[in-house]
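Examining the three-dimensional arrangement
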Amino acid sequence: MTFIELGVSKNFSKGLKEMGIIVPTKIQEQAIPILLHNETDFIGKAQTGTGKTAAFGIPLLSSIDPQNIQTQALVLAPTRELGQQIAKQFFKFTKYTDKIFTESVYGGEKIERQISRLSRPTHIIVATPGRLIDLIERKVVDISKISTIVMDEADEMLSMGFKKDLTTILGKTKEQRNIWLFSATMPPSLNEIIDTYIKKNAERVTVDKSDAVNKGIDHQFVMGEESGKLDTLTYFLKTQKGSRGIIFTKTKVAARTLAKQLKAKNYEVGLLEGEMTQKERDKVMRAFRKKTLQLLVSTDVAARGIDVENLAFVIHYQLPDQIEYYTHRSGRTARAGKTGLSLALIQKTELKIIRDLEKQLGIRFSQIR
């Protein structure tokens, strides 16, 4: 399938092609025709890294009337990084179309700055729930007339404690608006929101785990003792000749320790973990994007919303507890049609986890000896 065959206009297809997005992913293939051609509520279950932003972004942008200066759509995201990433992608998608203005608002930046930006025509607002509530209470934003709300990574918004904010936001919109919900998992708390706010005849699409993993990723593992893991990692990094990547740990303690160990070996490395302030996090991400840092050490939760192009590899210094996290992690590489490496450093007792990942995700690992 091509994007044109899915019903995407030539101008949007041209923008996608320039970004290296040529062959639709499973979620794009299934969601785009539904969202382009139907006034409907929608529930999409798909992992991070499967192309969800284009899956909802292209239909959403296609529905906007550029001549109407009112805010017509709202995208809710759990983190500042994801919100910024979505707004940036929307800007790129519309390179060859009529001008559509998207504004990203989030906590951690002076609200007065955002109020100033929102005084200009804004067709789409991309927001974290808490900051949106602040802006609504100040009567800066009116969402009563919007026609579409997208909830991206809805499960993550709930796990971050945004349930009350979400119900407040949904309650302030008119009944005839459409809600498009995207989530990697469907916890009971999310089903409560679905049952309360989403129409019973909503279209549903689920991308199976085996379809969620990018086919451009080479999955490898190295087996050894825990005591030799750091040496294995540094040996691998020496072979990378300045290529950039992310190293994942399960816990913030392990992330802090590993980042210190790599810095002691003179690697340009940044740390991302859950207890950092937004200012500290922004500083690390700026340095990584500017390529002054070669590596990031991160926990799974802290990596939510990261979008950095041209990452050569992802390393699982510790295997994740959940299969979904493996997909999230490995999906950070091999973006936009490129290839990438996902390398797991394991002990012999963890070989069973590798085999489970192969079976459940429909992938094949090769062992590096």
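Whatever comes next refers back to the structure up there.
For every chain, the first residue of the written sequence is number 1, and numbering continues from 1 onward in sequence order. Residue-level local features of this predicted model are given only where pLDDT is at least 70; pairs of side-chain atoms are given and counted only at 80 or more, and the full residue set underlies all totals for whole chains, interfaces and linings. With hydrogens and water excluded, all non-hydrogen atoms of the structure serve as input to the side-chain values.

Observations regarding the environment of Ala 254
Think of it this way: any DSSP run of H or I at least four residues long counts as a helix, any run of E at least two long counts as a strand, and we number them from the N terminus. If you trace the backbone, Ala 254 turns up in helix H12 (residues 252-264). Exposure is judged per residue with a 1.4 Å probe applied to protein chains only, and the accessible area is read against the type maximum: over 50% gives exposed, under 20% gives buried, and values in between give partly exposed. For Ala 254, a relative accessible area of 18% puts it in the buried group. Separated by 247 residues in sequence, Ala 254 and Gly 7 place their C-alpha atoms 47 Å apart. Sequence-distant contacts of Ala 254, that is, excluding residues within four places in its chain, are made with Thr 249 and Gln 318. We call two residues in contact when some of their heavy atoms are within 4.5 Å.

Comments concerning the sheet that holds strand S9 (residues 245-249)
Sheet strands pair by backbone hydrogen bonding; their relative direction is either parallel or antiparallel. Across the sheet, seven strands lie side by side as S10-S11-S9-S12-S13-S8-S14; this open sheet has parallel pairing. Each end of this open sheet is capped by a strand with a single partner; those strands are strand S10 (269-272) and strand S14 (365-367). Averaged over all pairs of adjacent strands, the angle between their axes in this sheet comes to 20°, without regard to strand direction. By definition, two strands form a pair when at least two bridges between them are found by DSSP. As judged from the seven bridges shared by strand S8 (residues 217-223) and strand S13 (residues 340-346), these two strands associate in the parallel manner. For Ile 217, the partnering residue across the bridge sits in S13 and is Gly 340. Axes here refer to lines fitted to C-alpha atoms; in helices the fit is confined to the stretch in contact. Angles between the N-to-C directions go from 0 to 180 degrees.

Quick notes on the pattern of salt bridges
Here, a salt bridge means any side-chain nitrogen of Lys or Arg that lies within 4 Å of a carboxyl oxygen of Asp or Glu. Inspection of every chain in the model, using the stated rule, returns 20 salt bridges. Here Glu 103 and Arg 120 are joined by a salt bridge, their closest N and O atoms 3.3 Å apart. Of this pair, Glu 103 sits in strand S3 (residues 102-105) while Arg 120 sits in the loop between helix H5 (111-118) and strand S4 (124-127); the two residues are 17 residues apart in sequence, bridging distant segments of the chain. With a relative accessible area of 12%, Glu 103 lands in the buried category.

Brief notes about unusual backbone geometry
When glycine is set aside, most residues are seen to have a negative phi, and most peptide bonds are trans. The phi dihedral of Glu 153 is positive, around 50°, even though this residue is not glycine. Tracing the backbone shows Glu 153 in the loop between strand S5 (148-151) and helix H7 (154-159). Positive phi is not limited to glycine here, since Lys 291 has a value of about 70°. Mapped onto the elements of the fold, Lys 291 is located in the loop between helix H13 (278-289) and strand S11 (295-299).

Quick word on the sheet that holds strand S1 (residues 42-45)
What the seven strands build is an open sheet, ordered S3-S4-S2-S5-S6-S1-S7; its pairing is parallel. A strand with exactly one partner marks an edge of an open sheet, and here the two such strands are S3 and strand S7 (203-206). Looking at each pair of strands side by side, their axes are set apart by 10° on average, direction ignored. The pairing of S3 with S4 spans four bridges and is parallel. Counterpart to Ser 104 in the pairing with S4 is Val 126.

Some thoughts on a positive patch on the surface
Patch building starts from residues that exceed 30% relative accessible area and form no salt bridge, then joins like charges within 9 Å and nonpolar side chains (Val, Leu, Ile, Met, Phe, Trp, Tyr) within 5 Å. Accessibility throughout is a Shrake-Rupley quantity obtained with a 1.4 Å probe, and a residue counts as covered only by protein chains that appear here. We score Asp and Glu as negative and Lys and Arg as positive, and we do not count His or the chain ends. In plain terms, the charge of a residue is placed at NZ if it is Lys, CZ if Arg, CG if Asp and CD if Glu. Taken together, the side chains of Lys 279, Lys 283, Arg 286 and Lys 290 define a basic patch exposed on the protein surface. With respect to the helices, strands and loops of the structure, Lys 290 is situated in the loop between H13 and S11.

Observations regarding the packing of aromatic side chains
Any pair of Phe, Tyr and Trp rings, taking the six-membered ring for Trp, is counted once the centres come within 6.5 Å. Such a pair is stacked with planes under 30 degrees apart, edge-to-face with planes over 60 apart, and tilted for the rest. Considering all chains together, one arrives at seven aromatic pairs under this definition. Measuring from centroid to centroid gives 5.4 Å for Phe 56 and Phe 182, while their planes differ by 50°, and the two rings are tilted. Here Phe 182 lies in strand S6 (residues 178-183) and Phe 56 lies in helix H3 (residues 52-63), a separation of 126 residues in the sequence. Of the two residues, Phe 56 and Phe 182, neither departs from the other in class, the shared state being buried. Geometrically, the ring pair formed by Phe 236 and Phe 313 is edge-to-face, given 5.2 Å between the ring centres and 90° between the ring planes. Here Phe 236 is found in helix H11 (residues 229-238), whereas its partner Phe 313 is found in strand S12 (residues 313-316), with 77 residues between them in sequence. Like Phe 313, Phe 236 is buried. A network of ring pairs unites the aromatic residues Phe 42, Phe 56, Phe 90, Phe 93 and Phe 182 as a single cluster. By definition here, charges over rings are those cases where NZ of Lys or CZ of Arg is within 6 Å of the ring centre and within 35 degrees of the ring normal. Here the guanidinium or amino end of Arg 244 rests over the ring plane of Phe 288, the centre of that ring lying 4.8 Å away.

A closer look at the side chain of Gln 294
Relative to the assigned elements, Gln 294 resides in the loop between H13 and S11. By relative accessible area, which is 15% here, Gln 294 ends up buried. When sequence neighbours within four positions are dropped, the list of residues in contact with Gln 294 reads Gly 242, Ser 243, Arg 244, Gly 245, Tyr 267, Glu 268 and Phe 288.

Let's talk about the pairing of S10
On S10, burial covers both faces: Val 269 and Leu 271 on one face and Gly 270 and Leu 272 on the other are all buried. In this structure, S10 lies alongside S11, joined through four bridges in parallel fashion. Looking across to S11, one finds that Gly 270 is bridged to Leu 296. Between the parallel elements S10 and S11, the chain passes through H13 in a crossover that is right-handed. Place the viewer so that the strands point away; then a crossover is right-handed whenever the path from the first strand over the helix to the second strand goes clockwise.

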